[in-house]
Amino acid sequence: MITVFGEGRGFRVVWLLEEMGLAYRLRPVDLAAGVQDDTEFMAINPGGFIPAIRDGDVVMVESIAIMEYLMARYGPTPLAPGAQDPVFPAYQQFLHLGEAGLAAPIYFVGGARNFAPEVERRNWSARQALRVFQTRLGLVSRQLALSPYLAGDRFTAADISAYYALQLARGFGGVALGAAELTYMARLSERDAFGRAMESCQATRAWVEASAKACRA
Ligand SMILES: N[C@@H](CCC(=O)N[C@@H](CS)C(=O)NCC(=O)O)C(=O)O
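The shown structure was predicted, so the numbers you read here are calculated from the model rather than taken from an experiment.

Draft legend 1. Representation of the site of the ligand within the structure. Every residue near the ligand is listed here: G8, R9, L31, G48, F49, I50, P51, E62, S63, I64, E99 and Y107. Counting only elements with at least two residues in the shell around the ligand, the list comes to α3 (63-74) and α4 (88-115). Here the residues of the shell around the ligand are counted per class, giving six nonpolar, three polar and three charged.

Draft legend 2. Representation of the pairing of strand β1 (residues 2-5) in the model. Pairing geometry for β1 and strand β2 (residues 24-27), over four bridges, is parallel. Bridging from a neighbouring strand, F5 pairs with R27 of β2. Taken together, β1, helix α1 (residues 10-20) and β2 constitute a β-α-β crossover, and its handedness is right-handed. The pairing of β1 with strand β3 (residues 52-55) spans three bridges and is classified as antiparallel. By the bridge assignment for β3, F5 is matched with A52.

Draft legend 3. Local environment of the packing of α1 against α3. Direction vectors running N to C along α1 and α3 enclose 15 degrees, while the axes themselves pass 9 Å from each other. By the angle between their directions, the pair α1 and α3 is classed as roughly parallel. When the axes of α1 and α3 are compared, the crossing they make is right-handed. Here G10, R12, V13, L16, L17 and M20 of α1 come into contact with α3, specifically with S63, I66, M67, L70 and Y74. Per-class residue counts for the contact of α1 with α3 are eight nonpolar, two polar and one charged.

Draft legend 4. View of the domain arrangement of the protein chain. Considered domain by domain, the protein chain is made up of domain 1 (2-74) and domain 2 (88-216). Relative placement of domain 1 and domain 2: their C-alpha centres are 20 Å apart. If you list the elements that add at least two residues to the side of domain 1 that touches domain 2, you get α1 and α3. Broken down by element, the residue count for the side of domain 1 that touches domain 2 peaks at seven residues, all from α1. Classifying every residue of the side of domain 1 that touches domain 2 by side-chain character gives eight nonpolar, one polar and five charged.

Basis of the calculations
Residues numbered from 1 in each chain as written. Predicted model: local features only at pLDDT ≥ 70, side-chain atom pairs only at ≥ 80, totals over all residues. Near = placed C-beta within 6 Å. Helix = DSSP H or I, 4+ residues; strand = E, 2+ residues; numbered from the N terminus. Nonpolar A, V, L, I, M, F, W, Y, C, P; charged D, E, K, R; others polar. Pairing = 2+ DSSP bridges. Right-handed = clockwise from strand over helix to strand, strands pointing away. Axes fitted to C-alpha atoms, helices over the stretch in contact; angles between N-to-C directions. Parallel < 35°, antiparallel > 145°, perpendicular 65-115°, else oblique. Left-handed = near helix turned anticlockwise from the far one by under 90°. Contact = placed C-beta atoms within 7 Å. Domains from an automatic or database assignment.

In structure tokens, the structure reads:
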């Protein structure tokens with residue numbers, strides 16, 4: 001049985017596992033309470049960040065790498081188009097852009113906005129991280145003007161990667177997304193596997209519902 005440690009970007013992993021119909025157990029990790037005394041988790045990831053997985057003797061961190069591992073080991077799956085598939089380059093690009101170009105910078109924008117002392121909220125790094133996020137978001141918007149999913153007509157793991165980043169931008173980074181991105185997110189959230197993942201990830205569910213309410217207010 002695969003164990004997923006932590007929600008946050010672990011939601012991507014849980015959603016992928018639900019899409020693939022693989023059995024898993026979600027083991028909560030409370031970052032807010034501090035993880036230094038969580039000896040089981042610290043033995044899995046001494047770096048103390050989430051998500052991590054344990055699959056038999058395999059222990060891994062990095063949500064995108066974990067998704068690639070699961071699709072390679074338990075696939076083939078339509079979530080990961082093959083290298084000769086015409087959509088492969090777009091798939092590969094957006095799978096990684098979802099974390100490296102979107103979630104990583106907006107995580108620091110959100111951190112500055114929500115946790116930094118007032119004088120540091122709009123410091124150079126926070127502004128630069130927002131600029132980086134916005135330029136990469138432009139590539140997502142351009143792609144969504146061409147196709148319903150980031151790799152064309154088919155839902156893939158690139159969409160799982162990007163969804164989390166867009167949700168983070170909306171709920172934590174204070175970014176007002178455009179109509180195309182919101183419609184895209186609504187389309188993804190209609191998937192059965194998404195609903196099951198949200199049932200498993202109760203902290204994520206509460207956060208997503210609260211941010212949707214805040215955005216409507
Ligand atoms: N690139 C990593 C980012 C992991 C990450 O930053 N996770 C956050 C929560 S979603 C975290 O654990 N932050 C606390 C820390 O880094 O110490 C991934 O995609 O898994």
